[in-house]
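Tertiary structure, described
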Amino acid sequence: MRWANQAVAVNGKPVDDGALPGLQRIGLVRSVRAPQFDGITFHEVLCKSALNKIPEAAALPFRYTVNGYRGCSHACRYCFARPTHEYLDFNCGNDFDSQVVVKTNVAEVLRRELRRSSWRRETVALGTNTDPYQRAEGRYALMPGIVGALADSGTPLSILTKGTLLRRDLPLIAAAAQRVPVSVAVSLAVGDAELHRDVEPGTPTPQARLGLIAAIRDAGLDCHVMVAPVLPHLTDSVEHLDALLADIAAAGATGVTVFGLHLRRSTRGWFMSWLARSHPDLVGSYRELYRRGAYLPPSYREMLRERAAPLIAKHRLAGDHRPFAQAPRAVEPEPVQATLF
Ligand code: SF4
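Please read these numbers as outputs of a predicted model, since none were measured by experiment.

1. Overview of the overall build of the chain
- Secondary structure assignment for the chain yields 11 helices and 13 strands.
- A burial count over the chain gives 58% of its 341 residues as buried.
- Intrachain contacts of the chain at a sequence separation of at least 6 include 76% that bridge at least 24 residues.
- When the accessible area of the chain is evaluated, it comes to approximately 14000 Å², of which 51% is carbon and sulfur surface.

Next comes the structure, spelled out in structure tokens:
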């Protein structure tokens, strides 16, 4: 109970005026705040299951995920895991950024599930809903237990992150890669420092993520980069993509995937209110682009493909790469969530 004196609620009962809607349903033990995580409340829960099976309708290249956290302090305005927070009766905006659910027993439960004779050792994707190396991981260190459990059971794994905290686990991940197939991918789609601070305010800087890519390569691992989501009129110019891909190639990345922004459900409202504050001149264009729904129209997607393909070739980066090559179709609450960045 190292942090017992930081508790704001125990067993779902607030010890201050903080409400804890919906959390009792998922096994809340206590809610805590810590001085070094200003503005963030951690809700520690004991999960009953760790492996999430992805429905086939999601059409993703993996069928299982593990997510140690719900909510993400990286706070990307466009994050399309945001609606999943509403299943906890939190809002998809500031609550998603600051009310982080931590499955403190996830590694232990995962180990138990992986021992089942029915487990077929299919690839398990980490980082598909919220970032496994967000700031909370510095405190709770769930990932070493998760990676260790997967490697010990002979299960291939993939990791997708924006978090430079992954450096801490590089020796462990490299050792796991000696035993099972391991894919590591970093998400980096905004090269402009000012835009980065505005649109991904809780994430490590682009420069820090380029350093992470180099560190992953130095550890002897391949590193794919998700240049996603590309933001229309903000990060889709030839100049921006060219400079970003040049930096990514110089950092040693082994491949990239480029795809554009989609705006599903409540993420759309959250993103559009940011856009109206920061880039009001673009609101009309975005309304037009997303007039028919959550996805960019085929004409825009084709334009982006034609723009990116020669740049990918110019910088000698490999393109399409499983299991990260594909944008998701569906965002569902656990246990059927299927979200990529
Ligand atoms: S896009 Fe990824 S890193 Fe950003 S808030 Fe969502 S889960 Fe976190």
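Back to the write-up after that little detour.
2. What about the confidence of the model for the chain?
- On average, residues of the chain score 89 in pLDDT, and 87% of them are at 70 or above.
- In this model residues 14-19 is a low-confidence stretch, pLDDT under 50, and it forms eight contacts with partners more than four residues away in sequence or in other chains.
- Below pLDDT 50 for its whole length, residues 321-341 participates in 83 contacts with residues either more than four positions away or in separate chains.

3. Describing unusual backbone geometry
- Look at the link from Ala-228 to Pro-229: it is a cis peptide, with omega at 0°.
- Phi is positive for Arg-265, which is not a glycine, with a value near 45°.
- Tracing the sequence through the fold places Arg-265 in helix α9 (residues 265-278).

4. Considerations on the packing of helix α2 (residues 106-114) against helix α4 (residues 143-152)
- Contact geometry for α2 and α4: axes closest at 8 Å, N-to-C directions at 10°. Put simply, α2 runs roughly parallel to α4. Every residue of α4 that contacts α2 at Val-106, Ala-107, Leu-110, Arg-111 and Leu-114 is listed here: Gly-145, Ile-146, Gly-148, Ala-149, Leu-150 and Asp-152.
- In the contact of α2 with α4, the residues fall into seven nonpolar, two polar and two charged.

5. Regarding the nonpolar core
- Grouped together as the largest cluster of nonpolar side chains are 90 residues, with contacts concentrated most on Leu-126, Ile-146, Val-227, Ile-248, Phe-271 and Tyr-286.
- With six residues, α4 is the single largest residue contributor to this core.
- Once you skip the residues sitting within four places of it in the chain, Val-227 turns out to touch Leu-188, Ala-189, Leu-241, Leu-244, Leu-245, Ile-248, Val-256, Thr-257, Val-258 and Phe-259.
- Within the second largest apolar cluster, six residues are counted, among which are Leu-23, Val-45, Phe-90 and Val-101.

6. A word on empty space enclosed by the protein
- All chains considered together, the criterion is met by two cavities of 30 Å³ or more.
- Taken as a whole, the second largest cavity spans an internal volume of roughly 60 Å³.
- Considered class by class, the residues forming the lining of the second largest cavity number seven nonpolar, four polar and no charged.

7. Observations concerning helix α5 (residues 170-177)
- Those residues of α5 lying buried are Leu-170, Ile-173, Ala-174 and Ala-176. The arc that holds every buried residue of α5, seen down its axis, measures 160°, which confines them to one face.
- Among the structural elements, α4, β10 (157-161), β11 (182-187) and α7 (206-218) are those in contact with the buried residues of α5.

8. Structural notes on the packing of helix α8 (residues 238-250) against helix α11 (residues 298-314)
- Across the interface, α8 lies against α11 with an axial gap of 10 Å and an inter-helix angle of 30°. Between α8 and α11 lies a crossing of right-handed hand. Contacts between α8 and α11 involve Val-238, Leu-241, Asp-242 and Leu-245 on the former and, on the latter, Leu-304, Arg-307, Leu-311, Ile-312 and Lys-314.
- Split into classes, the residues belonging to the contact of α8 with α11 amount to six nonpolar, no polar and three charged.

9. Here we look at the pattern of salt bridges
- Within this structure, the stated rule accounts for 13 salt bridges.
- One salt bridge in this structure joins Arg-25 and Asp-89, with 3.7 Å as the shortest N-O distance. Of this pair, Arg-25 sits in the loop between β2 (13-14) and β3 (28-33) while Asp-89 sits in the loop between β7 (69-70) and α1 (94-98), placing them 64 residues apart in sequence.
- Notably, a salt bridge pairs Glu-288 with Arg-291, separated by 3.2 Å at the nearest N-O pair.
- In this structure Glu-288 comes out as partly exposed when scored by relative accessible area, which is 48%.
- With relative accessibility at 52%, the residue Arg-291 sits in the exposed group.

Procedures and definitions
- Residues numbered from 1 in each chain as written.
- Predicted model: local features only at pLDDT ≥ 70, side-chain atom pairs only at ≥ 80, totals over all residues.
- Heavy atoms only, no water.
- Helix = DSSP H or I, 4+ residues; strand = E, 2+ residues; numbered from the N terminus.
- Buried < 20%, exposed > 50% of the residue type's maximum accessible area, 1.4 Å probe, protein only.
- Contact = heavy atoms within 4.5 Å.
- Areas by Shrake-Rupley, 256 points an atom, 1.4 Å probe, with all protein chains shown as cover.
- pLDDT = per-residue confidence, 0-100.
- Axes fitted to C-alpha atoms, helices over the stretch in contact; angles between N-to-C directions.
- Parallel < 35°, antiparallel > 145°, perpendicular 65-115°, else oblique.
- Nonpolar A, V, L, I, M, F, W, Y, C, P; charged D, E, K, R; others polar.
- Core = buried A, V, L, I, M, F, W, Y, C linked by side-chain atoms within 4.5 Å.
- 1 Å grid on protein atoms, 1.4 Å probe; cavity = no way out; pocket = protein on both sides within 12 Å on 5 of 7 lines; lining within 4 Å.
- Points joined across faces, edges and corners; volume = space filled by probe spheres on them.
- Arc of directions from axis to C-beta.
- Left-handed = near helix turned anticlockwise from the far one by under 90°.
- Salt bridge = Lys/Arg side-chain N within 4 Å of Asp/Glu carboxyl O.

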